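Coordinates in review
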Amino acid sequence: MRALIYTGPNALIVDDVPVPVPGPGEVLVRVEAVGICGSDMHAYHGHDARRPAPLILGHEAAGRVAEGPRAGARVAVNPLVTCGHCPACEAGRTHLCPSRQILSMPPRPGAFADFVCVPEKSLVPIPDALSTTHAALAEPLAVAYHAVNQGARLLGRPLAGARCVVLGGGAIGFGSGLVLAMQGAGEVVIIEPNPERRSEAARGLPTARCRAPDDAEGPGPDSADLILDAVGSDATRAKASQLARPGAVIVHIGLLPGERGLDVRKITLQEIVVSGSYCYTMQEFRDVVEALADGRLGPLDWVEERPLAAGAAAFADMDASRVAAPKLILRPNTPA
């Protein structure tokens, strides 16, 4: 099979590798669509020790079961592999399993390939109304869905009366805006420095206001009830601290390196809640597949598709900010 292989910092090649063999409880999935995630970019830059080269990256996947009793079934792939019997798994919080694995991290190759092996329990059927391209959005949108759920729970009051600010207009930030709109947030502001991404976010989410970080018409200090940091940099943590009004909630989603920026004194004096948010539960993943199929997350016309053979160029274009779309989808099994 053909696979896009990370070979070292800023280096990817397409090469032939053996088709993987499913282990116990696993199935072989023919990949039809797989998104490029920010964590893939982080690994591409050589900044993720959990993803050493050489490695097949990619975990936002959808396709068809390739063999066995379910052959031909269209499925979205939950890339988290968990034990199923620890306290977190038994409580339904599978994403917090201490022995969790994820596709694209050893020992599990990722989905930038014609085929990938996945535990059968990790597959969610795709309704007929949903394309595999759009089903591949389930993973990043489930991340956003879980983060919004976390923020709403901690805020403790309806989102309809809340000012919600999202830092970052990439797939997770834009997706957070879509989820906030779906859940009836009263006001949504997306802050994004890239003007092309701001324009794309404004087109895809017309009910939100999209602003540059230094825009005088953007939200001011002490004005936001819920802040979702979809970047996770020193600068966005500082911005989140500045925006938070007394009693606000900051949900930290981004995984960039660093730990500075939070105004701990303000957080203490104004009882601001800061929470991490990682991945999603299996039920949340299913909920998002259903919401995608039902149209509750909008028209989904904000993706760009390219063949897997053009994957190295796609990474380079994303790295150089030449991609305006919030999500770039690679299509294995598609001619260049």
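Residues numbered from 1 in each chain as written. Predicted model: local features only at pLDDT ≥ 70, side-chain atom pairs only at ≥ 80, totals over all residues. Heavy atoms only, no water.

**Brief notes about the state of the cysteines**
Here the structure, examined in full by the defined rule, presents zero disulfides. Considering cysteine sulfurs only, Cys86 is the nearest to Cys89, which forms no disulfide, with 3.6 Å between them. For Cys89, a relative accessible area of 9% corresponds to the buried category. (Disulfide = S-S within 2.5 Å. Buried < 20%, exposed > 50% of the residue type's maximum accessible area, 1.4 Å probe, protein only.)

**A word on the sheet that holds strand β11 (residues 163-167)**
Strand order in this open sheet of six strands is β13-β12-β11-β14-β15-β16, and the pairing throughout is parallel. For this open sheet the edge positions go to β13 (209-211) and β16 (273-276), each flanked by a neighbour on one side alone. Shown here is a sheet whose adjacent strand axes are inclined to one another by a mean of 20°, direction ignored. Bridge count between strand β12 (residues 187-191) and β13: three bridges; the pairing is parallel. By the bridge assignment, Val189 is partnered in β13 with Arg209. Contacting β14 (224-229), β15 (244-252) and β16, helix α4 (residues 138-155) crosses the sheet at an angle of about 150° to β15. (Pairing = 2+ DSSP bridges. Helix = DSSP H or I, 4+ residues; strand = E, 2+ residues; numbered from the N terminus. Axes fitted to C-alpha atoms, helices over the stretch in contact; angles between N-to-C directions. Contact = heavy atoms within 4.5 Å.)

**Considerations on the UniProt feature "domain: Alcohol dehydrogenase-like N-terminal" (unreviewed entry) in the protein**
Here, UniProt's "domain: Alcohol dehydrogenase-like N-terminal" (unreviewed entry) annotation points to residues 23-128. Strand forms 32% of residues 23-128 and helix 10%; the C-alpha atoms that close the span are 29 Å apart. (UniProt positions renumbered as here; feature names shortened; annotations may be inferred.)

**Structural notes on the layout of surface pockets**
In this structure, the second largest pocket spans a volume of roughly 150 Å³. Around the second largest pocket, the lining residues are Met1, Pro18, Pro20, Glu26, Ile56, Pro107, Arg108, Pro109, Gly110, Phe115, Val116 and Cys117. By residue number, the principal contributor to the lining of the second largest pocket is strand β9 (residues 115-119), which donates three residues. For the lining of the second largest pocket, a count of residues per class yields nine nonpolar, one polar and two charged. (1 Å grid on protein atoms, 1.4 Å probe; cavity = no way out; pocket = protein on both sides within 12 Å on 5 of 7 lines; lining within 4 Å. Points joined across faces, edges and corners; volume = space filled by probe spheres on them. Nonpolar A, V, L, I, M, F, W, Y, C, P; charged D, E, K, R; others polar.)

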